[in-house]
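Chain by chain, the residues:
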Amino acid sequence: MSDDSPSIEQLRQQIDRLDSQMVELLAQRAEVTRQVGICKSKVGMPIYVPTREAELLAKRRQQAIQQGVSPDLVEDILRRVMRESYQTQNEQYVCTNPDIGKVVVIGGAGALGKVFVQMFERSGYPVTILEKDDWPNADRLMADAGLVIVAVPIALTEKIISQLANLPADCILADITSIKQKPYQAMMDVHQGPVVGLHPMFGPDVSSLVKQVVVVCHGKHTESYQWLLEQMKIWGASLYETSAQEHDHAMAFIQVMRHFSSFVYGNHLRGEDPDLQQLIALSSPIYRLELAMVGRLFAQDPSLYADIIFNNKDSIELLKRFRDRFDGALKLVESGDKAEFIKQFFMTGNWFGDYAKTCLKDSKKLLLKADDDRTFDVNE
């Protein structure tokens, strides 16, 4: 290195200045996106516009290529920045139906109920929360309701719905339960007015509804609750329409199997009692992510997961078939039949098709993020 070359300290100072400039630019961008959110709320535009996001990313990726910067790096940064931007726009929304009157959320003080209470309040709707101590006054509280949402634990949902026979004829009755067939039928039986079943495919820890999926099971008088569906789209949610029966069948695979498998895996770890910190330290990012998904389950309300697993009628037979296939795979290992294992491996890979390659690509992004977040003791 020549004498006039910058020292490592000088180069680090340059990096510090550039990093500081990036922070200042991010602050400026956040202010602009806040103003964008205000404009969107005035005209009723949704917070998340997929075409706009895709267009922005495409332009910046092309710019990155032209300037010799990794386009993947630029996209990673922008996606994280945009996610933050959606939160700065998450303060106020347009009200799609100001004439609907009062929104009543039964169980609105609960974890998921609170999310919907906040979203309706941010959209300018008058919201009333009805909890168990309020039932003596329930008829009065719901007498002028335009929308009643049942957001109580699964085990109580049907009982609560059965007590809603006195709702106004034009009031919309909806539930946000993760099991749909029984609550859906209970609503259809008890209420002659508009009915719709909803299942938010997210937990109460979401910071916004942007890119979150809400399953919609249409009931009756569908034209009466179109404003509600549009309201959720404005909040940023993606709606997926299906029947209550198809929903519960799919949830047996999406929720029941995964939660039950995690429960058994966690129980097995507890029974074997390995050194958990050593497992974490020795794990590559993919195994730490898998372990994190198991650990995440046991940090939450066990009653919720018990209700999900125990209240889906498709659960038991499906889990028995899963057990049988587990036993079958174990027999392959016991007998040393690698050829059959590889044969079944290929067969399953063919069943997944191109989605397996998509999973490989997407998981690499998750693993890089997991690796970025890993820290080591400097004294090790």
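Look up: the structure comes first, before these words.
Residues numbered from 1 in each chain as written. Predicted model: local features only at pLDDT ≥ 70, side-chain atom pairs only at ≥ 80, totals over all residues. Heavy atoms only, no water.

Thoughts on the pairing of strand β3 (residues 145-150)
- Within β3, six of the six residues are buried, which leaves it mostly tucked inside the rest of the structure.
- At this point the chain moves from β3, through helix α6 (residues 154-161), to the parallel strand β4 (residues 172-175), and the crossover so formed is right-handed. (Buried < 20%, exposed > 50% of the residue type's maximum accessible area, 1.4 Å probe, protein only. Helix = DSSP H or I, 4+ residues; strand = E, 2+ residues; numbered from the N terminus. Right-handed = clockwise from strand over helix to strand, strands pointing away.)

Topic: the packing of α6 against helix α7 (residues 181-190)
- For the pair α6 and α7, interaxial distance at closest approach is 9 Å and the crossing angle is 10°. Classified by the angle their axes make, α6 and α7 are roughly parallel. Seen from α6, the contacting residues are T157, E158 and I161; seen from α7, they are K182, P183, A186, M187 and V190.
- Taken together, the residues that form the contact of α6 with α7 break down as five nonpolar, one polar and two charged. (Axes fitted to C-alpha atoms, helices over the stretch in contact; angles between N-to-C directions. Parallel < 35°, antiparallel > 145°, perpendicular 65-115°, else oblique. Contact = heavy atoms within 4.5 Å. Nonpolar A, V, L, I, M, F, W, Y, C, P; charged D, E, K, R; others polar.)

A few points about the state of the cysteines
- Inspection of the entire model under this criterion finds zero disulfides.
- Here C95 stays unpaired: no disulfide links it, and the sulfur of C171, its closest cysteine neighbor, is 15 Å away.
- Residue classification places C95 among the buried residues on the basis of a relative accessible area of 19%.
- Judged by relative accessible area, which is 0%, C171 ranks as buried. (Disulfide = S-S within 2.5 Å.)

Quick look at the side chain of S283
- Secondary-structure assignment places S283 in the loop between α10 (276-282) and α11 (285-297).
- According to the relative accessible area criterion, S283 is buried, its value standing at 14%.
- Reaching out from S283, the side chain makes a polar contact with the backbone oxygen of L279 at a distance of 2.5 Å. (Polar contact = N/O pair within 3.5 Å; in protein donor to acceptor, adjacent residues only side chain to side chain.)

What to know about the nonpolar core
- Counting 41 residues, the largest nonpolar core has F120, L147, L198 and L228 as the members making the most contacts within it.
- I161, C171, M187 and V195 belong to the second largest nonpolar core, which has 20 residues in total. (Core = buried A, V, L, I, M, F, W, Y, C linked by side-chain atoms within 4.5 Å.)

Points about the packing of aromatic side chains
- All told, the structure shown has nine aromatic pairs when counted by the stated rule.
- Plain terms: the ring middles of F341 and F345 are 6.2 Å apart, the flat faces sit at 45° to each other, and that makes the pair tilted. Of this pair, F341 and F345 both sit in helix α14 (residues 338-352), four residues apart, which is roughly one turn of that helix.
- Judged by centre distance (5.0 Å) and plane angle (85°), the ring pair of W351 and F352 falls under edge-to-face.
- Linked through ring pairs, F120, Y125, W227 and W235 together constitute an aromatic cluster. (Phe/Tyr/Trp six-rings, centres within 6.5 Å; stacked < 30°, edge-to-face > 60°.)

So, the packing of helix α2 (residues 50-66) against helix α3 (residues 71-88)
- At a minimum axis distance of 9 Å, the contact between α2 and α3 shows a crossing angle of 145°. Taken as a pair, α2 and α3 cross one another with a handedness that is right-handed. Counting all contacts with α2, which are made through E53, L56, L57, R60, R61, A64 and I65, the residues of α3 involved are P71, D72, V74, E75, L78, R79, M82 and Y86.
- Grouping the amino acids of the contact of α2 with α3 by side-chain chemistry returns nine nonpolar, no polar and six charged. (Left-handed = near helix turned anticlockwise from the far one by under 90°.)

Points about the sheet that holds β4
- Across the sheet, which stays open at both edges, the seven strands sit in the order β2-β1-β3-β4-β5-β6-β7 with mixed pairing between neighbours. Strands at the two margins of the open sheet, each flanked by one partner only, are β2 (127-130) and β7 (238-241). Taken pair by pair, the neighbouring strands of this sheet meet at an average axis angle of 25°, ignoring direction.
- Pairing of strand β6 (residues 213-220) with β7 involves four bridges; the strand directions are parallel. Looking across to β7, one finds that V216 is bridged to E241. (Pairing = 2+ DSSP bridges.)

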